[in-house]
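The residues making up each chain are set out below.
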Amino acid sequence: MQSPVSFRREDAGMPSVRVNWQVKTVLPVAFVLLNGLLLFLMATVSLRDPERHQVLIVAGCGAVAICAAVMIALAYLIQRPMVELQDKIARVGEGDLDVSVKFAKRNDEIGDLGRNFNHMVQQLRESREEIDRLHRTQMSRAEHLATLGELATGLAHEIRNPLAGIAGVIEIVGRDLPTTSPARAVIKDVRLEVAQINRILTDLLQAARPHPPDVRASDLNTTVEHAVMLARQQVLSKPIKIELEKNPQLPNVEHDSDQMHQVVLNLLLNSVQAIEGAGTIRVVVAAKKDKALISVTDSGRGISPEHLPFIFRPFYTTKGNGTGLGLSLARRIVEDHRGRIDVESELGRGTEFLITLPIHHSQVHAEDAEAAVS
Ligand SMILES: Nc1ncnc2c1ncn2[C@@H]1O[C@H](COP(=O)(O)OP(=O)(O)O)[C@@H](O)[C@H]1O
Ligand SMILES: [Mg+2]
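Right, let's walk through the structure included here. (Residues numbered from 1 in each chain as written. Chains lettered and ligands numbered in written order. Predicted model: local features only at pLDDT ≥ 70, side-chain atom pairs only at ≥ 80, totals over all residues. Heavy atoms only, no water.)

Overview of the layout of surface pockets
- In this structure, the largest pocket occupies an estimated 1,200 Å³ of space.
- Taken together, 41 residues form the lining of the largest pocket, with Arg199, Leu269, Asn270, Gln273 and Lys319 sitting closest to its centre.
- Sorting the residues of the lining of the largest pocket by element identifies α4 (183-208), α5 (220-234), α6 (257-274), α7 (326-336) and β9 (350-358) as the ones contributing at least two each.
- Examining the composition of the lining of the largest pocket, we find that nine residues originate from one element, α6, more than from any other.
- A class-by-class count of the residues in the lining of the largest pocket yields 15 nonpolar, 18 polar and eight charged.
- Both domains that furnish three or more residues to the lining of the largest pocket are identified here as domain 2 (139-208) and domain 3 (216-373).
- When its volume is computed, the second largest pocket comes out at roughly 360 Å³.
- Breaking the lining of the second largest pocket down by element, the ones donating at least two residues are α3 (109-176), α4 and α7. (1 Å grid on protein atoms, 1.4 Å probe; cavity = no way out; pocket = protein on both sides within 12 Å on 5 of 7 lines; lining within 4 Å. Points joined across faces, edges and corners; volume = space filled by probe spheres on them. Helix = DSSP H or I, 4+ residues; strand = E, 2+ residues; numbered from the N terminus. Nonpolar A, V, L, I, M, F, W, Y, C, P; charged D, E, K, R; others polar. Domains from an automatic or database assignment.)

Focus: the sheet that holds β9
- Taken together, the five strands give an open sheet; going across it, the order is β4-β6-β7-β9-β8, and neighbouring strands pair in mixed fashion. Lying at the two open borders of the sheet, with one neighbouring strand each, are β4 (240-245) and β8 (340-346). Neighbouring strand axes in the sheet, compared pairwise and without regard to direction, differ in orientation by 15 degrees on average.
- With six bridges joining them, β4 and strand β6 (residues 279-288) adopt parallel strand pairing. Looking at β6, one finds that Ile240 is bridged to Gly279.
- The strands touched by α6 are β4, β6, β7 (291-298), β8 and β9; relative to β7, the strand with the most contacts, the crossing angle is about 20 degrees.
- The sheet strands contacting α7 are β8 and β9, and the helix crosses β9 at an angle near 25 degrees. (Pairing = 2+ DSSP bridges. Axes fitted to C-alpha atoms, helices over the stretch in contact; angles between N-to-C directions. Contact = heavy atoms within 4.5 Å.)

A closer look at the side chain of Gln262
- Turning to its location among the elements, Gln262 is positioned in helix α6.
- Gln262 gets classed as buried once you look at its relative accessible area, which sits at 15%.
- Other than its neighbours up to four places away in sequence, Gln262 contacts Asp203, Gln206, Leu329 and Ile333. (Buried < 20%, exposed > 50% of the residue type's maximum accessible area, 1.4 Å probe, protein only.)

A short note on the site of ligand 1
- Taken together, 19 residues lie around ligand 1, and Asn270, Thr317, Thr318, Lys319 and Leu327 are the ones closest in.
- Residue Asp298 places a side-chain N or O atom 2.9 Å away from a nitrogen atom belonging to ligand 1.
- Protein contact buries 94% of the 530 Å² of open area that ligand 1 shows by itself.
- When contributions to the shell around ligand 1 are tallied by element, the ones reaching two or more residues are α6, α7 and β9.
- With three residues, α6 is the single largest residue contributor to the shell around ligand 1.
- Per-class residue counts for the shell around ligand 1 are seven nonpolar, ten polar and two charged. (Near = heavy atom within 4 Å. Polar contact = N/O pair within 3.5 Å; in protein donor to acceptor, adjacent residues only side chain to side chain. Areas by Shrake-Rupley, 256 points an atom, 1.4 Å probe, with all protein chains shown as cover.)

Some remarks on the nonpolar core
- In terms of nonpolar packing, the biggest core is built from 39 residues, with Leu268 and Ile355 touching the most fellow members.
- At the level of secondary structure, the elements contributing two or more residues to this core comprise α5, β4, α6, β6, β7, α7, β8 and β9.
- Considering every element that reaches this core, the biggest residue donor is α6, with eight residues.
- Those residues in contact with Leu268 that lie beyond four places of it in its chain are Ala227, Val228, Ala231, Ile242, Ile281, Val283 and Val296.
- Listed in part, the ten residues of the second largest apolar core include Leu85, Leu97, Phe103 and Phe117. (Core = buried A, V, L, I, M, F, W, Y, C linked by side-chain atoms within 4.5 Å.)

Now the structure itself:
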C-alpha cells in the first residue's frame with residue numbers, strides 16, 4: 001500500500017509532496033477535535049477541576065476514536081471503490097473489456113463514476129466488436145479479390161494467344177480483300193474490337209502483376225503531352241476539347257514516363273467517357289515547392305457522393321463495358337512514385353483528379369529511411 005506522504009518527480013523535474021487523501025481528510029477533523037480539546041482544557045484549568053486529568057484522558061481517547069472511525073468509514077466508502085477502479089482500469093489497459101465495477105449500484109457520486117466507467121467500457125467493447133467485424137469483412141474481400149485476380153490473370157494469358165492469332169488472320173483477310181469490298185469496313189471494326197480487348201487484358205495483367213517504376217529524371221510536360229495527344233485522337237469525331245497547360249519552369253521530374261503516361265491516359269479516357277455530347281477537358285501541369293502537380297478537370301457528368309469512396313477499388317465500375325481497373329491501377333502507380341491522387345467531383349458539373357508527385361523520387365526514399373531510423 002502507498003505511504004501516506006511521499007515524494008514524486010513532476011514533469012519539470014522538481015520534487016513535489018504527494019499527500020494521501022486519507023491524511024487530507026482526517027487532518028481537518030483532527031484539527032477541529034484538537035481545538036475542542038484545547039478549549040475544554042482551558043475551561044477546566046480555569047475552573048480548577050480536580051478530576052480534569054481523567055476527563056482529559058477520556059476526551060483524548062474519544063478524539064482518537066472519532067478519527068479512527070472517520071478513517072474506517074472513508075476507507076469503506078471511498079478507498080475500496082478506488083482500488084477496484086484502479087484494478088479494472090489496469091485490466092482494460094491489458095485488453096480485457098469484459099470488466100465492470102460493482103460499486104456502480106451505489107446511489108451517490110462514486111456510483112455515478114462507476115456507472116460512467118461501465119458505460120465507457122461497454123462502448124469500447126462495442127467499438128472493438130465493430131472493428132473486428134469490419135476486419136473480417138475486409139479480409140474475406142481481400143481473399144476474394146486475390147482469387148479473382150489470379151483467375152483473371154490466368155484467363156488473360158489464355159485469351160491473349162488466340163487473340164493474337166485472330167488479329168493475324170484478320171490482317172491477312174483484310175489485305176486479300178478487294179478495295180471495293182464492303183467487308184473492309186467490318187474488318188476495320190473487328191480490328192478495333194481486338195485492340196480494345198487487348199487493352200483490357202494489358203490493364204488486367206498490369207493490375208495483377210505490378211512492377212516497380214523505372215524512375216528517371218525527365219520532362220513531365222512531355223509525358224503528359226503524349227497522353228493528351230493520344231486522347232485527342234480518340235475524340236477526333238466528338239465535340240470534346242482537350243486543353244493542355246504545360247509548365248516550362250518545372251524542373252525534370254523523376255518518374256517512369258511509360259507508367260505516368262498510362263495514368264494520365266486512364267484519367268483522360270474516363271473524362272472522355274463521362275462527357276455526353278460537347279464538353280471540355282483541361283489538363284494542367286504545375287509546380288508547388290518540391291512537388292509536381294498534374295490536374296485533369298472535365299465538364300462531365302460528375303460522380304455522386306455515394307460512388308466517390310469506391311472509384312479507386314479494383315473492378316469497381318459503373319459502365320456496362322468497364323473493367324473497373326483504370327483508377328486502381330492509376331493510384332497504385334502514383335503511390336509507387338511516392339505521390340498521391342485526389343479527386344473532387346460534383347454531380348452534373350464535372351470532376352477533377354489531382355496527382356501530386358515528388359520532383360525528386362530518391363529524396364523521398366532518403367527521407368523515409370531517415371524517418372525509419374529515428
Ligand atoms: N472523370 C470521371 N467522371 C465521372 N465518373 C468517373 C470519372 N472517372 C472515373 N469515374 C467513375 O469511376 C469508375 C471507375 O473508373 P475506372 O477505374 O477507370 O474503371 P472503368 O473506367 O473501367 O469503369 C467509373 O466506372 C466511373 O463511375
Ligand atoms: Mg477507366
